[in-house]
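Each chain, written out:
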Amino acid sequence: VAVTDSTTDAIDLDFSNLKINHVKIKSAGNDCLDLSSGEYEINKINAENCGDKAISVGEKSKTVLKEVKVNVSNIAIAAKDSSFVKIYESQIYQSPICFSAYRKKQEFSGAKIEILKTNCKEENFYVQKGSKIILGL
C-alpha cells in the first residue's frame, strides 16, 4: 500500500482485522496511518512528513508493527484509549515525541506500548498516568 500527498489522514482503518506486508506513506496533512477498533499486523511501514502522528492506534486496537521507519512527524507512534501496540524495531527521526501512550476518551482506559528495539531515547516518550511504555523486553 502506498499513499503520497494526502490532505488529511493518508490511511484510516476502522473495525478491521488485517495483516499488511508493506505500507509506504509520504506527506499527509494529518496522521499518516490511523488504526481504530481492530487487530492489525504490519510487517514494514515507512512514514515520512506526517502532519500530526505517523501512526495512531486507538479504541481497543491490538497492533503489531515489525519494522517501522518514521521521518518527520509531531508524534511517531501514539497508542490511546485501551489500545496495545507491540513494536519489534523502529527507527525514528525528526519527531519530538517518539512514543505516546495515553487516554483521550473518557469511556476507555490508558494504553500500552511494548518496544523491543528503537533508536529513540526515553526522554522522547510521553506516558500519561494509567498507561505504560515498556522498552527492551
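The numbering scheme is per chain: residues are counted from 1 as the chain's sequence reads. Residue-level local features of this predicted model are given only where pLDDT is at least 70; pairs of side-chain atoms are given and counted only at 80 or more, and the full residue set underlies all totals for whole chains, interfaces and linings. Only hydrogens and water are set aside when side-chain values are computed; all heavy atoms of the structure are taken into account.

> Just checking my understanding: could you explain the overall build of the protein chain for this structure?
Counting from the N terminus, the helices are DSSP H or I runs at least four residues long and the strands are E runs at least two residues long. Within the protein chain one finds zero helices and 13 strands. Starting at the N terminus and ending at the C terminus, the protein chain contains elements arranged as β-β-β-β-β-β-β-β-β-β-β-β-β. For the radius of gyration, the atoms used are the C-alpha atoms, and the globule rule reads 2.2 Å times the number of residues raised to 0.38. Rg of the C-alpha trace for the protein chain: 13 Å, near the compact-globule value of 14 Å for 137 residues, within the 12% margin. In terms of principal-axis extent, the alpha carbons of the protein chain reach across some 35 × 30 × 25 Å. Only protein chains enter the accessibility calculation, which uses a 1.4 Å probe; a residue whose area is less than 20% of its type maximum is buried, one above 50% is exposed, and one in between is partly exposed. Relative to its full complement of 137 residues, the protein chain shows a buried share of 46%. Areas reported here follow the Shrake-Rupley algorithm with a probe of radius 1.4 Å; residue values treat only the protein chains shown as occluding. Counting only carbon and sulfur atoms, one obtains 45% of the accessible surface of the protein chain, whose full area is about 7,000 Å². By the counting scheme adopted, Arg and Lys are positive, Glu and Asp are negative, and His together with the chain ends is not counted. Where a charge lies is defined by one atom per residue type: Lys uses NZ, Arg uses CZ, Asp uses CG and Glu uses CD. Averaged over its 19 positive side-chain charges, the protein chain has a centre that lies 5 Å from the centre of its 18 negative ones.

> When you look at the pattern of salt bridges in this model, what are you seeing that I'm missing?
Note that side chains of opposite charge can pair when their charged atoms are close. What makes a salt bridge here is a side-chain nitrogen of Lys or Arg within 4 Å of a carboxyl oxygen of Asp or Glu, nothing more. In total, this model carries five salt bridges according to the counting rule given. Ionic pairing is found between Lys105 and Glu59, a salt bridge with its closest N-O pair at 2.3 Å. A residue pair is termed long-range when its members are at least 10 positions apart, and Lys105 in the loop between β10 (97-102) and β11 (112-115) and Glu59 in the loop between β6 (53-58) and β7 (62-71) qualify at 46 residues. When its relative accessible area of 33% is taken as the criterion, Lys105 is described as partly exposed. The exposure class assigned to Glu59 is partly exposed, which follows from its relative accessible area of 21%. In this structure, a network of salt bridges that share partners links the residues Asp31, Asp52 and Lys53.

> Explain the state of the cysteines to me, please; I cannot follow it from the model alone.
Cysteine pairs can be linked by a disulfide, which is a covalent bond between their two sulfur atoms. A pair of cysteine sulfur atoms is labelled a disulfide when the two atoms are within 2.5 Å. Evaluated as defined, the whole model comprises two disulfides. Through a disulfide, Cys32 is tied to Cys50; the S-S separation comes to 2.0 Å. Every disulfide takes its handedness from the sign of the S-S torsion; for Cys32 and Cys50 that torsion is -100°, giving left-handed. Taken together, the residues span a long stretch of sequence, with Cys32 in the loop between β3 (17-28) and β4 (33-36) and Cys50 in strand β5 (residues 39-50) at a distance of 18 residues. We classify Cys32 as buried; its relative accessible area is 0%. Residue Cys50 is classed as buried on the basis of its relative accessible area, which comes to 4%. Here Cys98 connects covalently by a disulfide to Cys120, the sulfurs 2.1 Å from one another. An S-S torsion of about -80° defines the bridge between Cys98 and Cys120 as left-handed. A residue pair is termed long-range when its members are at least 10 positions apart, and Cys98 in strand β10 and Cys120 in the loop between β11 and β12 (125-127) qualify at 22 residues. A single burial state applies to Cys98 and to Cys120, both of which are buried. If one numbers only the bonded cysteines of the protein chain, in the order they occur, the disulfide pattern is 1-2, 3-4.

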